[in-house]
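# Structural overview for review
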Amino acid sequence: MVLGILAGSGSFPLLAAKNAKVKGVRVVSVGFEGITSKDMAALSDKHCWIGLGQLSRFLKFFRQEGVEGVMLAGTVDHAKALQTKEAIQTLTDPRALKMILSVRKKNAVSLLSAVIAEIEKDGMRVLPSFAYLEDHLLKPGPAGPIKPSKSQLEDIETGYRAAKTLSGLDIGLSCCVAAGAVVAVEAMEGTDQCIARAGEILTKRSSNKGQLTVVKVARPQQDPRFDLPVIWPQTILTASRAGAKCLAAEAGWTLVLDYEETLKLALNHGIAVYGINADSLR
């Protein structure tokens, strides 16, 4: 098996490469200049650096290396991908230009779906994002010794329903709740900024300090090949600074990167980490 990893930012692609190699898989990766960690090259059997918009170049590289399965791992700011400098690169690649023009909605889901279609046109199969990382998927119930309180479980349900509605509209995957009230929801700024904003709001309401619960969900019809919810050490640190005492995410769909460190940090900061059983809330 030859695995191709299209690597964005963060530790996700690095972890995917490590786990795949442990299982005897040859790893070929493509990284974006200025976005992907430089460690990606060292963790791969073969690596290529590209600029955003260089679709034909990375597809040709994967074909030449005999890639059979492809993983999309890590994040790329889709708004940044459409900025002027990157758009110029796209204009030099007729295939990328054709793909961009064919996408009616220039949001993350539409653009990633278009990239997947181009990869599969070339005979490669795009694998689920949790391929080789199944043991990092969040399981239902408490993920550590700290269990959510009754009021936190109620806030989890409130946040779950709100976040599911918003994610279905392709707005965001996260929602912050305190004492039954939605404090902040995620949009283009991302999860960490949403949590920080919720913390700032609650600092003005002394009666609600320490009651913040953060909820992350998958999309209603989540494509397992991209954009899965992720929590990692930085999520815990951001939640702690915001005064959150509970972090819940959808079980079976959420990847916990740096699993042991994430749960250790949660314990040290007194944060309950909880896997939401979606079936029990429907």
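In this report, we go over the structure that sits alongside the text. Along every chain, residues carry numbers that run from 1 in the direction the sequence is written. Owing to the predicted nature of the model, reporting of local features is limited to residues with pLDDT of at least 70; listing and counting of side-chain atom pairs is limited to 80 or more, with chain, interface and lining totals taken over all residues. In computing side-chain values, all of the structure's heavy atoms are included and hydrogens and water are not.

### As for the pairing of strand S11 (residues 244-250)
- Any residue under 20% of the maximum accessible area for its type is buried, any over 50% is exposed, and the rest in between are partly exposed; the area is computed with a 1.4 Å probe on protein chains only. Helix and strand assignments come from DSSP, with helices taken as H or I runs of at least 4 residues and strands as E runs of at least 2, each series counted from the N terminus. With six of seven residues buried, S11 is to be regarded as a mostly interior element.
- Being paired, for any two strands, means DSSP has found at least two bridges between them. Of the strand pairs in this sheet, strand S9 (residues 212-216) and S11 are connected by five bridges, and their pairing is parallel. Each residue of the ladder has a partner; that of Leu-212, found in S11, is Ala-244.
- Note: S11 against strand S13 (residues 272-276), five bridges, orientation parallel. Bridge pairing in S13 places Ala-248 opposite Tyr-274.

### Topic: helix H9 (residues 191-203)
- Along its 13 residues, H9 runs 19 Å from first to last C-alpha, staying within 8% of the 18 Å computed at 1.5 Å per residue.
- All of the buried residues along H9 are Thr-191, Cys-194, Ile-195, Ala-198, Gly-199 and Leu-202. On an axial view of H9, the arc spanned by its buried residues comes to 140°, and they lie on one face. Facing away from the buried side of H9 by over 90 degrees, the exposed positions are Glu-200 and Thr-203.
- By definition in these notes, contact holds between two residues if any of their heavy atoms fall within 4.5 Å. Here the buried face of H9 lies against strand S7 (174-178), strand S8 (181-185), S9 and helix H10 (233-241). In this scheme, a helix's expected span is set at 1.5 Å multiplied by one less than its residue total. Each direction from the helix axis to a C-beta atom contributes to the arc, which is the arc of those directions.

### A look at the environment of Thr-36
- As for its position among the elements, Thr-36 is in the loop between strand S2 (26-32) and helix H2 (39-42).
- On the basis of relative accessibility, which here comes to 7%, the residue Thr-36 falls in the buried class.
- Measuring from C-alpha to C-alpha, the distance between Thr-36 and Pro-13 comes to 8.7 Å, with 23 residues separating the pair along the chain.
- When near neighbours in sequence (up to four residues on either side) are disregarded, Thr-36 contacts Ala-7, Gly-8, Gly-31 and Trp-49.

### Notes on the sheet that holds strand S1 (residues 2-7)
- Strand order in the open sheet made by the five strands is S3-S2-S1-S4-S5, with parallel pairing throughout. Each of the sheet's edge strands pairs with one partner strand only, and the pair in question is strand S3 (46-50) and strand S5 (125-126).
- With six bridges joining them, S1 and S2 adopt parallel strand pairing. Paired with Ala-7 across the strands is Gly-31, a residue of S2.

### Quick look at the pattern of salt bridges
- Any Lys or Arg side-chain nitrogen located within 4 Å of an Asp or Glu carboxyl oxygen qualifies as a salt bridge. Taken as a whole, this structure holds 14 salt bridges when the rule is applied.
- A salt bridge links Lys-21 to Asp-45; the nearest nitrogen and oxygen atoms lie 2.9 Å apart. On the criterion of sequence distance, the pair formed by Lys-21 in helix H1 (residues 12-22) and Asp-45 in the loop between H2 and S3 is long-range, its members being 24 residues apart.
- Linking Arg-225 and Asp-223 is a salt bridge whose minimum nitrogen-to-oxygen distance equals 2.8 Å.
- For Arg-225, a relative accessible area of 23% gives the class partly exposed.
- Connected through salt bridges with shared partners, the residues Arg-63, Arg-95, Glu-118, Lys-121 and Asp-122 form a single ionic network.

### So, the nonpolar core
- Residues Val-30, Phe-58, Phe-62, Val-70, Leu-72 and Ile-119 are the most contacted members of the largest nonpolar core, which totals 29 residues.
- Looking at this core, the elements with two or more residues in it are S1, S2, S3, helix H3 (55-64), strand S4 (69-73), helix H6 (94-102) and helix H7 (108-121).
- Residues Val-183, Val-214, Ala-242 and Leu-263 belong to the second largest nonpolar core, which totals 25 residues. Residues belong to a common nonpolar core when they are buried Ala, Val, Leu, Ile, Met, Phe, Trp, Tyr or Cys residues joined through side-chain atoms within 4.5 Å.

### Describing H6
- Restricting attention to buried positions, one finds in H6 the residues Ala-96, Met-99 and Ile-100. The buried residues of H6 occupy an angular sector of 100° when the element is viewed end-on, so they sit on one face. Of the exposed residues in H6, the ones pointing more than 90 degrees away from its buried face are Pro-94, Lys-98, Leu-101 and Ser-102.
- Each polar contact in these results corresponds to two N or O atoms within 3.5 Å; when the atoms are within protein, one needs to be able to donate a hydrogen and the other to accept it, and residues that are neighboring in sequence are counted only if both atoms are side-chain atoms. Where H6 begins, the capping side chain belongs to Asp-93, and its oxygen is found 3.1 Å from the backbone nitrogen of Arg-95.

### A short note on the layout of surface pockets
- Site definitions follow a grid-based scheme: protein atoms alone, a 1 Å grid, a 1.4 Å probe that fits but cannot get out for cavities, and for pockets an open set with protein on both sides within 12 Å along at least five of seven lines, plus lining residues having an atom within 4 Å of a point. Grid points are joined across faces, edges and corners, and a volume is the space filled by probe spheres set on the points. Here the second largest pocket is characterised by a volume of approximately 220 Å³.
- Val-109, Ser-167, Gly-168, Asp-170 and Arg-219 are the residues nearest the centre of the second largest pocket, which is lined by 15 residues in total.
- Elements with a contribution of two residues or more to the lining of the second largest pocket: H7 and helix H8 (150-168).
- With three residues, the top contributor of residues to the lining of the second largest pocket is H7.
- Each residue gets one label: Ala, Val, Leu, Ile, Met, Phe, Trp, Tyr, Cys and Pro are nonpolar, Asp, Glu, Lys and Arg are charged, and the others, such as Gly, are polar. When the residues that make up the lining of the second largest pocket are grouped by side-chain class, the tally is four nonpolar, seven polar and four charged.

Purely geometric numbers; function is a separate question.
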